[in-house]
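Residues per chain, in single letters:
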Amino acid sequence: MARPFHLNTPLLESVSMTQRVGTPVFLKMENSQPSGSFKIRGIGHLCQQLATDSKGVVCSSGGNAGMAAAYVARKMCVPATIVVPSSTPQLVVQRLRDQGATVNITGKVWDDANTEALRLAETEGLTYVPPFDHPLLWQGHSSVISEVAASLEEKPGAVLLSVGGGGLLCGVIQGLKDVGWTDVPVIAMETVGADCFNAAVKAGRLVTLDDITSEAKCLGAKTVCRKAFEFSQSGEISIISALVTDQQALSAVETFLDEERVLVEMACGAALAAVYSGLVHRLQDEGRLPAPLGPLLVIVCGGSSVDMEQLSHLKHKLHT
């Protein structure tokens, strides 16, 4: 079997977060993956299964899936076309090009870019690499939990993660089932304005958002994948869907940078904000999370679409 493209990432205990929550907090540092995020787990696995003899891959992305696809394609010596919406930071476009990818800027949001990627796959005979909605992706992402199970001394009290299209959520749930942790609740975080999963959970059916109004563009799918919604309804694993504002996500990014010396993007800040904004305590007060809580596992999903200039731009935009 071919060697995977992803790394076994560090699992670090956060002293400052532990003090805030009152239970040990462990950070799964997916920001240290070669492509900058967890996406390489699933996309690497999918490409090894589907793209070994490909004339090229095409991926639609707000940033992180594209970075993973471009990295994997370069390692496999396969051409990559990454279709991104116009909301994608120039920094990301340049990093994709640095990986050797052809960048195609189409539409305003990810859904527009995805329509173009599907068209290119059809007309150019390219292998379509979906950013979040495919069983092979979830299978790849599930490795994040098997790694935690191999190194954490006790079962987590809860898993905290961000949701965009739902690929990480599906992978984590598959991973929890694989290791027999089906009684561990998952806290699924989104920002207001990029909340397709929360909207679906509330409505009891898949919902397509009119637009993505959040600055957390990497969470910006207008419809969550069906499998994530099905998991939310099945009751196999308890999934708590919760929202934070862009301001809370950005504040979490800044606090994380100060306390942990790591810069992540706002999509990741949505999960971190559950700790920094006191949401975990509120969920305990409401009886939705147990108190006391066992170790809290936070998946630091990462992000390659942020630098200090971008952070400064976001601060200015959200504070004016």
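Scroll up to find the structure.
Residues numbered from 1 in each chain as written. Predicted model: local features only at pLDDT ≥ 70, side-chain atom pairs only at ≥ 80, totals over all residues. Heavy atoms only, no water.

A.B. asks: When you look at the nonpolar core in this model, what are you seeing that I'm missing?
C.D. replies: Most often, soluble globular proteins have nonpolar side chains that are buried together. Membership of the largest hydrophobic core comes to 110 residues, with the highest contact counts inside it found for Leu161, Val172, Phe256 and Leu296. A total of nine residues in this core trace back to one element, the largest contributor, which is helix H12 (residues 266-276). Here Phe256 is in contact with Met17, Leu27, Met29, Arg261, Val262, Val264, Leu272, Tyr276 and Val300, once residues within four sequence places are set aside. (Core = buried A, V, L, I, M, F, W, Y, C linked by side-chain atoms within 4.5 Å. Buried < 20%, exposed > 50% of the residue type's maximum accessible area, 1.4 Å probe, protein only. Helix = DSSP H or I, 4+ residues; strand = E, 2+ residues; numbered from the N terminus. Contact = heavy atoms within 4.5 Å.)

A.B. asks: Sorry, what's going on with the state of the cysteines here?
C.D. replies: Structurally, a disulfide amounts to a covalent bond that connects the sulfur atoms of two cysteines. As enumerated under the stated definition, the model contains zero disulfides in all. The thiol of Cys225 is not disulfide-bonded; the next cysteine sulfur, from Cys170, is found 3.8 Å away. (Disulfide = S-S within 2.5 Å.)

A.B. asks: Explanation requested: the environment of Gly36 in the structure shown.
C.D. replies: By secondary structure assignment, the location of Gly36 is in the loop between strand E2 (25-29) and helix H2 (39-50). A relative accessible area of 11% means that Gly36 is categorised as buried. In this structure, the C-alpha to C-alpha distance between Gly36 and Gly180, residues 144 residues apart in sequence, is 29 Å. Once residues within four sequence positions are removed from consideration, Gly36 is found in contact with Glu30, Asn31, Cys301, Gly302, Gly303 and Ser304.

A.B. asks: Where do I start with the pairing of strand E8 (residues 186-191) in this structure?
C.D. replies: Looking along a regular strand, one sees side chains alternate from face to face of the sheet. E8 sits mainly inside the fold: six of its six residues count as buried. Burial of E8 is two-sided: the residues Val186, Ala188 and Glu190 facing one way and the residues Ile187, Met189 and Thr191 facing the other way are all buried. In terms of strand pairing, strand E7 (residues 158-162) meets E8 through four bridges, oriented parallel. Looking across to E8, one finds that Ser162 is bridged to Met189. (Pairing = 2+ DSSP bridges.)

A.B. asks: Mind showing me how you'd approach helix H14 (residues 308-318) here?
C.D. replies: Along an α-helix, residues three or four apart share an orientation, since each turn contains 3.6 residues. Those residues of H14 not exposed but buried are Gln310, Leu311, Leu314 and Leu318. The buried residues of H14 all sit within an arc of 100 degrees when viewed along its axis, so they share a single face. Projecting away from the buried face of H14 at angles above 90 degrees are the exposed residues Met308, Glu309 and His316. Where H14 is buried, its residues touch helix H11 (246-260) and H12. (Arc of directions from axis to C-beta.)

A.B. asks: What's the story with the pattern of salt bridges in this structure? I'm lost.
C.D. replies: When charged atoms on two side chains of opposite charge get close, those side chains can pair. In the structure shown here, the tally under the stated rule is nine salt bridges. Of the charged contacts in the structure, one is a salt bridge between Lys108 and Asp211, with a shortest N-O distance of 2.7 Å. With a gap of 103 residues between them, Lys108 in the loop between strand E5 (102-105) and helix H5 (110-124) and Asp211 in the loop between helix H9 (196-203) and helix H10 (226-234) connect regions that are remote in the sequence. A residue is classified by how much of its surface remains accessible, and Lys108, at 49% relative accessible area, is partly exposed. For Glu236, the salt bridge identified is with Lys177, shortest N-O distance 2.8 Å. (Salt bridge = Lys/Arg side-chain N within 4 Å of Asp/Glu carboxyl O.)

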